[in-house]
Amino acid sequence: MNLKRPGSVLGETTLDIFFPKQCFGCRVTLGRKEADVLCEKCFKAIHIFSLFFCPDCGKRLPECTKLCRCGAAFIAAAPCLYGSEPLTEIVQVLKYKGIRDGAKTLGKVLTLWAKASALEPASFVIMPIPLSNRRRRERGFNQSERIAENFLYYWNDPTLRVATGLLERSRHTTPQTELHSYAERAENVKDAFRIMNTDAIKNKIVLLIDDVMTSGSTMREAVKVLRTNGAKRVIGLTVLRA
């Protein structure tokens, strides 16, 4: 539940009593003004994978400058594995329960990953996987966009911006979680993206951000459109991967 804190001291005290903000790791009570949804101890306990990997064969790649020999169209990266708690729960409550403070914690995780991977965000066009207009209205926000914004916030370079509006959904699609086979997921997102400004990505390296990569169908379809329209290279970065 996404609650706004009342302005009065009495209102703030009442909210703390009846709706205490808890750490998603150890469930200790947090201050309501805390940015994270994890306490410092639980956040420090997160294990960050700093390597890149091939989205097709799964082979580890030591750097983000070379594509895998298997012919994959992009390079993938994810700090953590899907199923790892408490990050998996945080992703779910961000998307389905509107607990937006989760995006702050997930953005900070991506910042740690970028530093561990010696990645320099200033070298890339940074954009989120877009939602359809219908899905965005239903949810009230794009969780991938929020994660990307917080990633740059914690990176603390005021010159960097998330490039929204360059990549858009051309149509509404069924949620991938409702589909089970790879073929169904691939067909579901086929031709579901379009580029709105080709000049902004031509000969550029794009850092494409999403929350989770499972089959990779959504990311692959978005990458296809980016590469077709002139992107030099794409790194698909998610918080979690299957």
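Shown above is the structure to which this text applies.
Residues numbered from 1 in each chain as written. Predicted model: local features only at pLDDT ≥ 70, side-chain atom pairs only at ≥ 80, totals over all residues. Heavy atoms only, no water.

A. Inspection of the pattern of salt bridges at higher detail. For the coordinates displayed, the defined rule picks out 13 salt bridges. With its nearest N and O atoms 2.9 Å apart, the salt bridge here joins aspartate 56 to arginine 220. Placement of aspartate 56 in the loop between strand 3 (52-53) and strand 4 (60-61) and of arginine 220 in helix 8 (residues 217-228) is noted, with a sequence separation of 164 residues between them. The closest approach of N and O atoms between lysine 104 and aspartate 101, which form a salt bridge, is 3.2 Å. Highlighted residues: lysine 104 and aspartate 101, both in helix 4 (residues 101-116), separated by three residues, approximately one helical turn. The partly exposed category is assigned to lysine 104, whose relative accessible area is 28%. Relative accessible area serves as the criterion here: at 24%, aspartate 101 is assigned to the partly exposed category. Members of the salt-bridge network, linked through shared partners, are Lys21, Asp101 and Lys104. (Salt bridge = Lys/Arg side-chain N within 4 Å of Asp/Glu carboxyl O. Helix = DSSP H or I, 4+ residues; strand = E, 2+ residues; numbered from the N terminus. Buried < 20%, exposed > 50% of the residue type's maximum accessible area, 1.4 Å probe, protein only.)

B. The arrangement of the packing of aromatic side chains in detail. Under the definition given, this model contains three aromatic pairs. Looking at lysine 108, its charged tip hangs above the ring of phenylalanine 43, at a distance of 5.1 Å from the centre. Positioned over the ring face of tryptophan 155 is lysine 115, at 5.8 Å from the centre of the ring. (Phe/Tyr/Trp six-rings, centres within 6.5 Å; stacked < 30°, edge-to-face > 60°. Lys NZ or Arg CZ within 6 Å of the ring centre and 35° of its normal.)

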